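Notes for the structure review
What follows is the residue order along each chain.
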Amino acid sequence: MSDLLNRRLSLLGANLPLLKQCLHGIERECLRVTDEGRLAQTPHPEALGSALTNEQITTDYSESLLEFITPALADPAKVLESLEQTHRFVYSKLGDEYLWSPSMPCTLPAEEDIPIAEYGTSNIGKLKHVYRKGLALRYGRTMQCIAGIHYNFSLPEALWPLLREAEGGQESDRDYQSSAYIALIRNFRRYSWLLMYLFGASPALDKGFLRGRPHQLEELDAETLYLPYATSLRMSDLGYQSNAQAGLTPCYNNLSSYTDSLRKAVGTPYPPYVEVGTHKDGEWVQLNTNILQIENEYYSNIRPKRVTYTGERPIQALTSRGVQYVEVRCLDINPFLPVGIDLTEARFLDAFLLFCALENSPQLDNGECGQCTSNFLTVVKEGRRPGLELRRDGQPIGLKAWASELIERIGQLAELLDRANGGDEHAKALRAQQAKVDDASLTPSAQVLARMTEHDESFVKFALRQSRLHAETFRDQPLPVERQQAFETLARESLAEQARLEQQEVGDFDLFVGAYQASILAISN
Ligand SMILES: Nc1ncnc2c1ncn2[C@@H]1O[C@H](COP(=O)(O)OP(=O)(O)OP(=O)(O)O)[C@@H](O)[C@H]1O
Ligand SMILES: N[C@@H](CCC(=O)O)C(=O)O
Ligand SMILES: N[C@@H](CS)C(=O)O
């Protein structure tokens, strides 16, 4: 435990009400599938509103990949309640379709038959569609059908001036806050392998997902590939990672070096993409030929974030107003949980992220950067291997020993959170994680394999069974009338908003794309 963390714990202990003011928001993605577990080929249900303008229900990559977004709330229980209500509303409009329970996709049709999400005829709607055509070109539509949970988290803004004063920081409150979030991200890079071990839930996938690509997976049955000790194939090089971005790991020394790295990536042509060009047969096929079309394309495990104004780009918001929260993007959907995540996980994440924010966080040199990546990839592919060792400060260390030590250190933040909120929910959440460290069979990835073996079923059959189970739960609990009506009103209003945008928006799409691209090239930090 560093002196810095001890000092910060004391300061927090003297300001406990602040620990009730952290904000949490969840984004949950899931595929719409038929009752046979095949990808739905139907359009985004109109009863769910406009995917372009409905702030709670939209689509991610595919027309069949739903994304549910909760508001940012202080009580994670209320966030999960909001997410659960969205699921219940959606199920009231899905007809005979289901929400696919895990992260890895169902049996998919041919690449060209995976429908790319449509957002209408406004310029921003067309830009979102062309961006997705570019993703198809660059990474394939199949990979983009993977679904994740994104956990958004912020500490109370009032905390930062307190810390800055206590530590004699000379920078502005805004710069101190941004630096503190970048320091959180550096510690997240150091320790997020632990989240993969504890919450990874994608040890297996449908064989068709690989489209015949070479792999080192093992065959579980005729339709299923897996690795016996994997925790999250979704976060491995076979899943939501990309080799084209391998050299991209931005520098997390400070906010400007981070935004600089991204600005360079969205402004630097990438020869294989240049060869393809932005148009084919007169049709847009990608927004530009740069390493990243836009900053959203950088698939990092965690992102510094600032809520954007209408039409503003993420880098513009970060550069002008600093970091406001972090988006944790590496969490798998737990197929045993109706909404893919539960309160125990959320409470652990809160204590973990507070630990990352407040523990000493030196700059990452190249050696340590590589070590962080190597530890993460080792755990996603074989985190449950008995006796597995990782590397810390260049030395081997047993995963279980390091995990136990980390959980003990995180326990001090859990204790403060419990003192602030009353009860012992955070301490209980940590004990549940320690139990998984002591017995790997308790991890969700082990449970997925155990359940498939127990029922002698393929990944797809297991996932469909879970999807049907959760569908029943949601359909058996329709929303109270006033909540149902509130969702229906939101949907109607979003459709009207999209129609207004399409009537209002004038101007040439090519010029719109050019202006969008230019909007961040001119930014100076
Ligand atoms: N200050 C904050 N602290 C914690 N969470 C926040 C904060 N502000 C916003 N959020 C949450 O962050 C999430 C933002 O999700 P949303 O999809 O709207 O934006 P985005 O992730 O930037 O968009 P995209 O997914 O298109 O990149 C929401 O769940 C929201 O509740
Ligand atoms: N579907 C991706 C995230 C998509 C996006 O970049 O938002 C995931 O599995 O997390
Ligand atoms: N959400 C993913 C897929 S569209 C992205 O923004 O790249």
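Refer to the structure printed above.
Residues numbered from 1 in each chain as written. Chains lettered and ligands numbered in written order. Predicted model: local features only at pLDDT ≥ 70, side-chain atom pairs only at ≥ 80, totals over all residues. Heavy atoms only, no water.

1. Some thoughts on the packing of aromatic side chains
Under the criterion given, the structure shown has 16 aromatic pairs. Ring geometry for Tyr91 versus Phe474: centroids 5.8 Å apart, planes at 20 degrees, classification stacked. Here Tyr91 is found in helix α2 (residues 76-91), whereas its partner Phe474 is found in helix α15 (residues 459-475), with 383 residues between them in sequence. Each member of the pair Tyr91 and Phe474 is classed as buried. Among the aromatic side chains, those forming a connected cluster through ring pairs are Phe188, Phe199, Phe348 and Phe352. Looking at Arg321, its charged tip hangs above the ring of Tyr309, at a distance of 3.7 Å from the centre. One cation-aromatic arrangement involves Arg468 over Tyr98; the distance from NZ or CZ to the ring centre is 5.9 Å. (Phe/Tyr/Trp six-rings, centres within 6.5 Å; stacked < 30°, edge-to-face > 60°. Helix = DSSP H or I, 4+ residues; strand = E, 2+ residues; numbered from the N terminus. Buried < 20%, exposed > 50% of the residue type's maximum accessible area, 1.4 Å probe, protein only. Lys NZ or Arg CZ within 6 Å of the ring centre and 35° of its normal.)

2. Describing the side chain of Gln371
Assignment of secondary structure puts Gln371 in helix α11 (residues 366-382). Among all residues touching Gln371, those that are not within four sequence positions of it are Arg391, Arg392, Asp393 and Gly394. (Contact = heavy atoms within 4.5 Å.)

3. A word on the site of ligand 1
As a structural note, the neighbourhood of ligand 1 is formed by 18 residues, with Thr70, Pro71, Ala72, Ser154 and Lys305 the closest of them. In the model, an oxygen atom of ligand 1 is placed 3.0 Å from a nitrogen or oxygen of the Ala72 main chain. One of the side-chain nitrogen or oxygen atoms of Asn296 is found 3.5 Å away from an oxygen atom of ligand 1. Notes on ligand 1: free accessible area 640 Å², of which the protein chains cover 74%. Counting residues per element, the ones that place at least two in the shell around ligand 1 are β1 (23-33), β3 (65-69), β5 (149-154) and β12 (325-331). With four residues, β1 is the single largest residue contributor to the shell around ligand 1. Partitioned by chemical class, the residues of the shell around ligand 1 number eight nonpolar, six polar and four charged. (Near = heavy atom within 4 Å. Polar contact = N/O pair within 3.5 Å; in protein donor to acceptor, adjacent residues only side chain to side chain. Areas by Shrake-Rupley, 256 points an atom, 1.4 Å probe, with all protein chains shown as cover. Nonpolar A, V, L, I, M, F, W, Y, C, P; charged D, E, K, R; others polar.)

4. Quick notes on the state of the cysteines
A full pass over the atoms with the stated rule returns zero disulfides. Among the cysteines around Cys22, which has no disulfide bond, Cys356 carries the closest sulfur, lying 13 Å off. Overall, the relative accessible area of 3% leaves Cys22 in the buried class. Unpaired in terms of disulfides, Cys330 finds its nearest cysteine sulfur in Cys356, a separation of 10 Å. (Disulfide = S-S within 2.5 Å.)

5. Some points on the site of ligand 2
Around ligand 2, the surrounding shell consists of Glu29, Asp60, Ile146, Ala147, Gly148, His150, Arg234, Tyr240, Tyr299 and Arg329. Within the side chain of Arg234, an N or O atom sits 2.7 Å from an oxygen atom of ligand 2. The protein chains hide 90% of the 300 Å² of surface that ligand 2 would expose on its own. Of the residues belonging to the shell around ligand 2, the class tally is four nonpolar, two polar and four charged.

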